[in-house]
Amino acid sequence: MLDPDVKQRVLEEYRTHETDTGSTELQVAMLTERIRQVTDHLRTHRKDVHSRRGLVTMVSKRRRLLNYLSNEDVSRYQSLIGRLGLRR
């Protein structure tokens, strides 16, 4: 789970309008932040298989959302991966 402060920061940075809570960009940004947290957790707890499975699930969900966004609007996709620092 994301801390409320981190979640609020991500919300303010990536939302597309004032009442946005579920746009594709925001969902990808939230997943990216959670993926970073779980990755840090797994660096210290290497044998935590349950968290690793959750990480793989989050990565695949983010990949599906990014594929959807790239099919819908390439400029939004390029902008988002540039802001998040994702390779591709």
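Scroll up for the structure.
Residues numbered from 1 in each chain as written. Predicted model: local features only at pLDDT ≥ 70, side-chain atom pairs only at ≥ 80, totals over all residues. Heavy atoms only, no water.

With that settled, consider the nonpolar core. In this structure, Val10, Tyr14, Leu66, Leu80 and Leu84 are the most contacted members of the largest nonpolar core, which totals 23 residues. Top element by residues in this core is helix α2 (residues 24–44). It accounts for eight residues. Leave out the neighbours within four places in its chain, and Leu84 touches Tyr14, Val28, Ala29, Thr32 and Arg36. (Core = buried A, V, L, I, M, F, W, Y, C linked by side-chain atoms within 4.5 Å. Buried < 20%, exposed > 50% of the residue type's maximum accessible area, 1.4 Å probe, protein only. Helix = DSSP H or I, 4+ residues; strand = E, 2+ residues; numbered from the N terminus. Contact = heavy atoms within 4.5 Å.)

Right, let's talk about the layout of surface pockets for a bit. The space that makes up the largest pocket amounts to roughly 160 Å³. Forming the walls of the largest pocket are Met1, Leu2, Lys7, Gln27, Met30, Leu31 and Arg34. In terms of residue count, the dominant contributor to the lining of the largest pocket is α2 (four residues). Each residue belonging to the lining of the largest pocket can be placed in one class, and the counts come to four nonpolar, one polar and two charged. (1 Å grid on protein atoms, 1.4 Å probe; cavity = no way out; pocket = protein on both sides within 12 Å on 5 of 7 lines; lining within 4 Å. Points joined across faces, edges and corners; volume = space filled by probe spheres on them. Nonpolar A, V, L, I, M, F, W, Y, C, P; charged D, E, K, R; others polar.)

So, on to the pattern of salt bridges. With the rule as written, the count across this model stands at five salt bridges. As a salt-bridge pair, Arg9 and Glu13 come within 3.8 Å of each other at their nearest N and O atoms. Placement of both Arg9 and Glu13 in helix α1 (residues 4–14) is noted, with a separation of four residues, approximately one turn of the helix. Here Arg9 falls in the partly exposed class, since its relative accessible area comes to 41%. The closest approach of N and O atoms between Arg76 and Glu25, which form a salt bridge, is 2.5 Å. Of this pair, Arg76 sits in helix α4 (residues 74–84) while Glu25 sits in helix α2, placing them 51 residues apart in sequence. Assessed through its relative accessible area of 34%, Arg76 is described here as partly exposed. Glu25 sits in the buried class, given a relative accessible area of 9%. Connected via shared salt-bridge partners are Arg9, Glu13 and Glu33. (Salt bridge = Lys/Arg side-chain N within 4 Å of Asp/Glu carboxyl O.)

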